[in-house]
Amino acid sequence: MDDDVVQVCSTIISEPIKQLTLAKNKIGGKGAFHLATTMESDQCSLTELYLWGNQIGDEGVHHFASAIEKGKCKLTVLNLEDNRISTDGARRIGAAIESGKCLLTHLFLESNRIGADGARHIATAIESGKCSLIHLGLNGNQIGDEGVRHIANAIESRKCFLRKLYLSCNHISDEGAHHIFTAVKSGKCLLTHLDLNFNQIGDDGARDVATAISSNRCLLTSLFLEHNRISVVGASHMATAVESGQCNLTQLTLSGNPLAMCVSKVISQAVYQRKPVRSTIARLDLSQIDQLKALLFLSSRCRWTDTVHLLVLRMLNVLV
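The structure presented is a predicted model; accordingly, all values stated were derived computationally and were not measured.

Trainee: I would appreciate a short explanation of the overall build of the protein chain in the present structure.
Mentor: Check the secondary structure of the protein chain and you find 11 helices and 10 strands. Expressed as a percentage of its 320 residues, the buried residues of the protein chain come to 53%. The contacts in the protein chain between residues at least 6 apart in sequence include a share of 90% that link residues at least 24 apart. For the protein chain, the exposed area adds up to about 13500 Å²; of that, 49% sits on carbon and sulfur atoms.

Below, the structure written as structure tokens:
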């Protein structure tokens with residue numbers, strides 16, 4: 001594999017290649033070294049590098065971080081998903097990001113092992129004032145509520161420029177939701193897209209969601225809360241928030257939550273209603289939520305409004 005990577009690096013130098021994908025090639029730390037060394041060359045034009053599933057580990061991250069810190073690396077997009085990166089790797093990439101020489105705008109670290117301490121290192125970097133990231137993917141890193149607290153403090157800083165944040169599959173509970181949505185409504189947070197799918201957020205967390213999205217300081221337009229623990233109580237709070245007139249959401253997903261028949265309340269109060277509707281929701285996903293009853297309710301009592309452009313329910317495999 002080393003010889004193959006060396007050949008690829010030679011091609012990168014000789015051709016004006018700007019985007020390279022080497023997913024699932026098991027290049028390891030040595031392959032990462034060759035690529036990182038190549039990126040330091042003035043002849044390298046790479047701006048996007050996708051390396052998910054390559055077992056590069058912390059060793060590989062160290063090589064990329066060193067290349068970035070030298071100021072010759074032109075990368076704006078770096079995908080290191082599923083690469084066995086731990087807290088130490090997160091520390092190194094964090095240091096590179098805040099070096100003042102990093103051009104990255106999109107960083108994908110999904111399905112690694114950075115944990116809460118790793119999240120702390122990344123958070124320190126994104127609030128440093130030297131970080132250019134607008135997209136950060138941390139899905140599946142077991143950062144928990146403690147890690148979310150660090151990230152929340154960072155996105156509340158006026159020095160953080162993140163627009164899209166992915167935190168699904170991270171064991172985040174109501175406590176973590178409180179941290180993140182307190183930041184979202186602070187008036188300093190620039191997030192427009194937030195993914196919290198497959199966590200453990202319940203009704204208390206949903207209340208914090210509702211408070212945030214009904215604030216005119218919240219810039220969120222897309223919010224993903226699939227497969228959490230939100231019930232009738234939490235959904236009712238969110239329904240009220242959506243119809244408040246202050247909510248900027250255009251996309252909301254709640255599939256896989258134990259909402260039961262409150263789906264009718266969410267839709268009737270927040271989207272349809274027979275009085276003038278103030279909701280801007282254009283895409284609503286309520287899959288896997290007491291499907292037959294909700295579908296029957298919709299067919300018998302709800303009507304379309306001008307503010308609803310696309311409604312995706314996927315109930316009984318039917319697009320309504």
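Next, the rest of the story.
Trainee: For this particular structure, what's the right way to read the side chain of N170?
Mentor: Its location among the elements puts N170 in the loop between strand 6 (164-166) and helix 7 (174-184). Accessibility expressed as a relative area gives 0% for N170, which makes it buried. Among residues more than four places away in sequence, those in contact with N170 are L138, N139, G140, N141, Q142, I143, G144, F198 and N199.

Trainee: I keep staring at the packing of aromatic side chains and nothing clicks. Help me out?
Mentor: Given two aromatic rings, their pairing is described by the distance between the two centres and the angle made by the two planes. By the definition in use, this model includes 1 aromatic pair. Taking 6.4 Å as the distance between ring centres and 75° as the angle between the ring planes, the aromatic pair formed by Y50 and W52 counts as edge-to-face. When its relative accessible area of 16% is taken as the criterion, Y50 is described as buried. When its relative accessible area of 31% is taken as the criterion, W52 is described as partly exposed.

Trainee: Help me out: how do you make sense of the pattern of salt bridges in this one?
Mentor: Any two side chains of opposite charge can pair, on the condition that their charged atoms come close. The tally for this structure, following the rule as stated, stands at 5 salt bridges. In this structure, R92 engages E69 in a salt bridge whose closest nitrogen and oxygen atoms are separated by 3.2 Å. Residue R92 is located in helix 4 (residues 87-97), and its partner E69 is located in helix 3 (residues 57-69); the two are separated by 23 residues in the primary sequence. Among the residues examined, E69 registers a relative accessible area of 25% and is labelled partly exposed. Here R120 makes a salt bridge to D117, at a shortest N to O gap of 3.9 Å. One end of the pair, R120, and the other, D117, are both in helix 5 (residues 115-126), 3 residues apart, so they sit about a helical turn from each other.

Trainee: Mind showing me how you'd approach the state of the cysteines here?
Mentor: Two cysteines joined by a covalent bond between their sulfur atoms form a disulfide. Applying the stated criterion across every chain yields a total of 0 disulfides. Not part of a disulfide, C73 finds its nearest cysteine sulfur in C44, a span of 7.3 Å. The buried category is assigned to C73, whose relative accessible area is 5%. The thiol of C160 is not disulfide-bonded; the next cysteine sulfur, from C131, is found 7.0 Å away.

Trainee: Would you explain the nonpolar core in this entry?
Mentor: Proteins that are soluble and globular tend to have nonpolar side chains buried together. Counting 84 residues, the largest nonpolar core has L35, F64, I180, F181 and L223 as the members making the most contacts within it. For F64, the contacting residues outside a window of four places in its chain are A32, L35, A36, M39, L49, L51, I56 and L80.

Thresholds applied
Residues numbered from 1 in each chain as written. Predicted model: local features only at pLDDT ≥ 70, side-chain atom pairs only at ≥ 80, totals over all residues. Heavy atoms only, no water. Helix = DSSP H or I, 4+ residues; strand = E, 2+ residues; numbered from the N terminus. Buried < 20%, exposed > 50% of the residue type's maximum accessible area, 1.4 Å probe, protein only. Contact = heavy atoms within 4.5 Å. Areas by Shrake-Rupley, 256 points an atom, 1.4 Å probe, with all protein chains shown as cover. Phe/Tyr/Trp six-rings, centres within 6.5 Å; stacked < 30°, edge-to-face > 60°. Salt bridge = Lys/Arg side-chain N within 4 Å of Asp/Glu carboxyl O. Disulfide = S-S within 2.5 Å. Core = buried A, V, L, I, M, F, W, Y, C linked by side-chain atoms within 4.5 Å.

Taken by themselves, the reported measurements are silent on function.
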